[in-house]
Amino acid sequence: MAADRQVDTLMNFQTWMAGIQQRTESALDAALPAPGLAPARLHEAMRYAVLGGGKRVRPLLCHAAGSIFGVEAGALDAPAVAVELIHAYSLVHDDLPCMDDDVLRRGKPTCHVEFDEATALLVGDALQTQAFQVLANRIPGLAPARQIDMLQLLATASGSRGMAGGQAIDLAAVGQQLDIAELEYMHIHKTGALIRAAVLLGAHCGEAMPDALDRLGRFANRIGLLFQVVDDILDAEASTATLGKTAGKDAAQNKPTYVNILGLNEAKSMAGKLRQDAHDALAPFGDPAVRLHELTDFIVERTF
Ligand code: GRG
C-alpha cells in the first residue's frame, strides 16, 4: 500500500467517526448564512434544520470513500457538506404536512412546527441551492471538469431521476400493495441515490479509475438498500425516544415496508445478506477500504 494511500487504521472507528462528524459540523456551520443575517428568520430556520443533530452518515461515507484514494479530509469537506445539505432539505420537506406530516425529527420539533410551513418550504429550497453553491466553489487540487462531473452527479441523485423521484413513488405507494422488486426500485431512488452520490463524490476527489467507481457504485447500491431495510426494522422495533422521530409511522400510514412485506425475521436476514454483499464489493480495495467496511457495520448496528 503506497504511503499516501494508507488509512490510519491505528485510529479506532469511533474516534475517526467523531472527528469527521465534528469537522462536518464546523464546515456546515461555515457554509450556512450567519445567524442574524437578513432574512434572519429564514437563516435561523436553516441553521435549526441542519446543525446539532443527525448521524452524518452521508458525510462519513464521502470521507471514507475519499480515504481509499488517499484524499486529504480538507478536500472532502465541500462534497460532504453539499450532500448533507441536500439530505437536510429532504428531511425538512419530507416532514411537511403535505408529505409525511411529522412533528419530531432528530429529537426536536420538525422545522415547520418550530417555525411555520412556508418557512420550512423555503428552508428546503435554500438548503438545496446552498448545496450546489458549496460544491461549485473551487476545490483546491481538483480539476474544474471533475467538479462539473460532481455537480452533475449530485443533481441527478437529488432530482426527479433520484431522490425526488423516489419520494414521488413513495407518495403514490401509500395504501398500495408493492412487491419486493417495486419496493427496491422506490428505495434505490428515494434513499439510495443520495447515499450512492455521497460515496461517489468522495471517490471523485481522488484518482478513482472507472472500474473502482463501478465497484463503489455496486457497494453503494447495497448499503443504500441496507440503510432502508434497517430503517424499516428500527421503525418497527425501536421507540420514538430512541429514534428521535416518530416510531411505528410506516405501519400507521399504511406504507409498504420490508418488515410488512417480508416479516421481521426475513427483513433481518435480508439485511444480513446485503451487509455481506456490501463487504464483498469492497474486498478488492483491501485495507484502504477499512472505513467503508466499518460504516457498513455501523449502518446495521445503529440504534437510531
Ligand atoms: C422531500 C424530495 C424529498 C425527498 C425526501 C430521503 C427522503 C426523501 C425522506 C426521508 C424520509 C425517511 C425517513 C427516509 C428513510 C431513510 C432515511 C433517509 C432516514 C433518515 O436518514 P438518517 O437516518 O437521518 O441518516 P439523520 O437524522 O441521522 O441524518
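You'll find the structure just up there.
Throughout what follows, the structure given in this document is the object of discussion. All figures in this text were calculated on a predicted structure; none of them were measured in a lab.

Cut-offs and rules
Residues numbered from 1 in each chain as written. Predicted model: local features only at pLDDT ≥ 70, side-chain atom pairs only at ≥ 80, totals over all residues. Heavy atoms only, no water. Helix = DSSP H or I, 4+ residues; strand = E, 2+ residues; numbered from the N terminus. Rg over C-alpha atoms; globule rule 2.2 N^0.38 Å. Buried < 20%, exposed > 50% of the residue type's maximum accessible area, 1.4 Å probe, protein only. Contact = heavy atoms within 4.5 Å. Areas by Shrake-Rupley, 256 points an atom, 1.4 Å probe, with all protein chains shown as cover. Lys, Arg positive; Asp, Glu negative; His and termini not counted. Charge placed at Lys NZ, Arg CZ, Asp CG, Glu CD. Expected span 1.5 Å × (residues − 1). Near = heavy atom within 4 Å. Polar contact = N/O pair within 3.5 Å; in protein donor to acceptor, adjacent residues only side chain to side chain. 1 Å grid on protein atoms, 1.4 Å probe; cavity = no way out; pocket = protein on both sides within 12 Å on 5 of 7 lines; lining within 4 Å. Sits in = over half its atoms within 2 Å of the grid points.

### What to know about the overall build of the chain
- Across its full length, the chain carries 15 helices and two strands.
- Relative to its length of 304 residues, the chain is compact, with a C-alpha radius of gyration of 19 Å against a globular reference of 19 Å.
- By its C-alpha atoms, the chain is 55 × 50 × 35 Å across when sized along the principal axes.
- For the chain, the proportion of its 304 residues judged to be buried stands at 52%.
- Taking as baseline every contact in the chain between residues at least 6 positions apart, the subset at least 24 positions apart corresponds to 73%.
- Here the chain displays about 13100 Å² of accessible surface, and carbon together with sulfur accounts for 55% of that area.
- Across the chain, 26 positive and 37 negative side-chain charges occur, with their mean positions spaced 2 Å apart.

### Considerations on helix α15 (residues 290-301)
- Spanning 12 residues, α15 covers 16 Å between terminal C-alpha atoms, matching the ideal 16 Å at 1.5 Å per step.
- Considered for burial, the residues of α15 that qualify are V290, R291, L292, L295, T296, F298 and I299.

### Some words on unusual backbone geometry
- Of the consecutive residues A38 and P39, the connecting peptide bond is found in the cis state with omega at -5°.
- By the secondary structure assignment, P39 is in the loop between α1 (13-31) and α2 (40-50).
- If you check the backbone angles, R56 has positive phi at about 65° while not being a glycine.
- Relative to the elements of secondary structure, R56 occurs in the loop between α2 and α3 (57-68).
- The phi torsion at D101 lies on the positive side, around 55°, for a residue other than glycine.
- Structurally, D101 can be placed in the loop between α4 (73-94) and β1 (104-105).
- Judged by its relative accessible area of 44%, D101 falls in the partly exposed class.

### Focus: the site of the ligand
- Among the 21 residues in the neighbourhood of the ligand, the closest are listed as K55, R58, H87, D94 and R106.
- Side-chain polar atom of K55 to an oxygen atom of the ligand: 2.6 Å apart, as the coordinates give it.
- Here an oxygen atom of the ligand sits 2.8 Å away from a polar atom, N or O, in the side chain of R106.
- Its free accessible area being 690 Å², the ligand has 93% of it covered by the protein chains.
- For the ligand, the cavity whose grid points lie within 2 Å of the majority of its atoms is the largest pocket.
- Counting only elements with at least two residues in the shell around the ligand, the list comes to α4, α8 (163-173), α9 (180-204) and α10 (210-237).
- Element by element, the count of residues in the shell around the ligand is highest for α4, at six residues.

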